[in-house]
Amino acid sequence: MTSGRVRGDAGPRTDARAALIGAAGRLFAERGVEVVSLREITRAAGQRNTTALQYHFTDRDGLLREVLTPHLREIGQRRHALLDQYELAGRPDLRELAAALVLPLVAKLSDPDGGRAYLQIAAELLGRPTRALTDDSPSTLVLRDPGRSLLRWADLVVPLLPPEAVGPPLHRRMAAIRFAHLELSRRARDPRTDHTLFTHYLVDLLTAVLDAPVSEQTRRVLLEREP
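The name that an unreviewed UniProt entry assigns to the protein chain is AcrR family transcriptional regulator, with the source organism given as Pseudonocardia parietis.

Below, the structure is given as structure tokens:
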């Protein structure tokens with residue numbers, strides 16, 4: 001009898017958890033991560049127990065991590081596969097690296113299980129000030145996906161960038177990552193389903209961002225800022 005009750009309870013708990021994650025992803029994307037209240041998420045998930053969200057996820061950040069993590073795992077696997085191909089080819093190619101950043105994210109536009117919502121949430125998180133990127137923040141989770149694919153991508157890009165653009169204060173790689181997510185967030189709100197032209201052009205733009213020379217004017221300001 002006891003084992004039967006445990007099995008019977010597992011289904012509703014699992015269903016409640018999935019409903020809360022789905023409702024949170026949808027509402028976070030539509031209105032913003034900090035705007036939506038936990039009570040609204042609980043209500044949208046059809047949960048009458050107002051403590052269900054705290055029981056499953058502890059707090060807002062815990063829920064947000066659960067929304068993000070499945071997508072980050074899938075994106076990371078796709079990106080690692082592209083980076084494996086890049087390294088196997090054995091030749092520097094900035095456009096290939098730009099594609100490795102973009103293509104795994106573009107795939108989320110066709111993911112019916114919250115892919116477009118993920119792109120909008122990720123763009124919002126990455127748009128926060130750099131000082132908000134603490135080690136345990138959801139924004140940092142986007143940058144340090146479970147498989148560390150974005151960190152691997154960033155390391156491979158370094159030799160192809162102007163030296164001044166690596167690291168602070170220019171942060172060229174971070175600028176490229178934020179730009180890609182911003183454009184994909186805008187596309188995620190667009191009902192169109194053919195993304196071929198958009199994808200190729202976004203790769204073009206990212207290649208240009210990464211490859212842009214550092215002007216003499218910028219170099220002069222950098223030198224003036226040095227101790």
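**Here we look at the nonpolar core**
Within the largest apolar cluster, 58 residues are counted, with the highest numbers of intra-cluster contacts made by Phe 28, Ile 41, Leu 68, Tyr 118, Ile 121 and Trp 153. At nine residues, helix α5 (residues 94-106) tops the list of elements feeding residues into this core. Beyond its immediate stretch of four places on either side in the chain, Leu 68 contacts Tyr 118, Ile 121, Leu 125, Pro 138, Leu 141 and Val 142.

**Observations concerning the packing of helix α4 (residues 60-89) against helix α6 (residues 115-126)**
α6 packs onto α4 with a crossing angle of 105° between their chain directions and a minimal axis gap of 10 Å. Our classification of the angle between α4 and α6 gives roughly perpendicular. For the pair formed by α4 and α6, the contact residues are Leu 64, Val 67, Leu 68, His 71, Leu 72 and Ile 75 on the first element and Gly 115, Tyr 118, Ile 121 and Leu 125 on the second. Along the lines of polarity and charge, the residues of the contact of α4 with α6 split into eight nonpolar, two polar and no charged.

**Re the pattern of salt bridges**
Scanning the model with the defined rule gives 13 salt bridges in all. With its nearest N and O atoms 3.1 Å apart, the salt bridge here joins Arg 17 to Glu 66. Highlighted residues: Arg 17 in helix α1 (residues 2-31) and Glu 66 in helix α4, separated in sequence by 49 residues. For Lys 108, the salt bridge goes to Asp 111, with nearest N and O atoms at 2.7 Å. Overlapping salt bridges bring together Glu 74, Arg 78, Lys 108 and Asp 111 as one network.

**A few points about α6**
The terminal C-alpha atoms of α6 lie 17 Å apart, and with twelve residues this matches the ideal 16 Å at 1.5 Å per residue to within 8%. α6 sits mainly inside the fold: eleven of its twelve residues count as buried. Of all the residues in α6, the buried ones are Gly 115, Arg 116, Ala 117, Tyr 118, Leu 119, Gln 120, Ile 121, Ala 122, Ala 123, Leu 125 and Leu 126.

So, how was this worked out
Residues numbered from 1 in each chain as written. Predicted model: local features only at pLDDT ≥ 70, side-chain atom pairs only at ≥ 80, totals over all residues. Heavy atoms only, no water. Core = buried A, V, L, I, M, F, W, Y, C linked by side-chain atoms within 4.5 Å. Buried < 20%, exposed > 50% of the residue type's maximum accessible area, 1.4 Å probe, protein only. Helix = DSSP H or I, 4+ residues; strand = E, 2+ residues; numbered from the N terminus. Contact = heavy atoms within 4.5 Å. Axes fitted to C-alpha atoms, helices over the stretch in contact; angles between N-to-C directions. Parallel < 35°, antiparallel > 145°, perpendicular 65-115°, else oblique. Nonpolar A, V, L, I, M, F, W, Y, C, P; charged D, E, K, R; others polar. Salt bridge = Lys/Arg side-chain N within 4 Å of Asp/Glu carboxyl O. Expected span 1.5 Å × (residues − 1).

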